[in-house]
Amino acid sequence: MFGNIWRRISKSADSEQLARKFDAMAVSLRETIRVVSEERNKLRMILANMSDGVMMTDKEGVIILANAAAQSLFHFEEDKAKGRPIIEVIHDHELNQILKTCLDTGQQQEGQVEAGRRLLKVIATPIYSDDMTSALLTFHDLTELRRIQRARQELIGNVSHELRTPITTIKLYA
């Protein structure tokens, strides 16, 4: 008789201990999910507010993610571009070649491409993870820099031309 009671108490105690462990695991899991969600939201905010374009592709060149700056530079919507090859979305063979070379060699590649009236510096960086290889593309708009360089060259050309005339006149008098 005492044996049956003891077994019931023992089973009840084991069940209670097991229930406490499950509760602790549930609390721990909720905390982990909260931390991961916060980190994902931070990354989304960073990507959304970057002035440089950022895209990620898989090893086949299929778009996995694109931030707002990349969407604006190339005039597409991420929802429509996700899951499609980058060449179909952007239609730029130079960019596609930079990406392919990066994925084939496993080394960072750099280049310049024109998107409409914009000059973009492209950096393709391979990313390795356990289950796949992918590439991160960053686009930096060099259009303003190019405009400033042209203005500087024109200024130097004009100044040198303006100085040649008086110097030639002085040489003639001398």
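Residues numbered from 1 in each chain as written. Predicted model: local features only at pLDDT ≥ 70, side-chain atom pairs only at ≥ 80, totals over all residues. Heavy atoms only, no water.

## Some words on unusual backbone geometry
Then step 1. The backbone of His75 shows a phi angle near 60°, a positive value even though the residue is not glycine.
Then step 2. Mapped onto the elements of the fold, His75 is located in the loop between helix 2 (68-74) and helix 3 (78-81).
Then step 3. On the accessibility criterion, His75 (71% relative accessible area) is exposed. (Helix = DSSP H or I, 4+ residues; strand = E, 2+ residues; numbered from the N terminus. Buried < 20%, exposed > 50% of the residue type's maximum accessible area, 1.4 Å probe, protein only.)

## Here's the deal with the sheet that holds strand 3 (residues 109-115)
In a beta sheet, neighbouring strands are held together by backbone hydrogen bonds and run either parallel or antiparallel to one another.
Then step 1. Spatial ordering of the open sheet is given by 2-1-5-4-3, a layout of 5 strands whose pairing is antiparallel. The sheet is open, and its two borders are formed by strand 2 (63-66) and strand 3, each paired with just one other strand. Between one strand axis and the next, the sheet turns through 25° on average, direction left out of account.
Then step 2. Where strand 3 lies against strand 4 (residues 118-128), 7 bridges are found, and the strand directions are antiparallel. Bridge pairing in strand 4 links Glu114 to Leu119. (Pairing = 2+ DSSP bridges. Axes fitted to C-alpha atoms, helices over the stretch in contact; angles between N-to-C directions.)

## Describing the pairing of strand 5 (residues 133-141)
Then step 1. In this sheet, strand 5 lies alongside strand 1 (residues 53-58) in antiparallel orientation, the contact comprising 6 bridges. Within the sheet, the bridge partner assigned to Asp58 lies in strand 5 and is Ser134.
Then step 2. Both strand 4 and strand 5 contribute to a ladder of 9 bridges, which runs antiparallel. Looking at the pairing, Pro126 lines up with Ala135 of strand 5.
Then step 3. The loop that links strand 4 with its antiparallel partner strand 5 comprises 4 residues.

Honestly, that's just the spatial picture; any functional story needs more than this.
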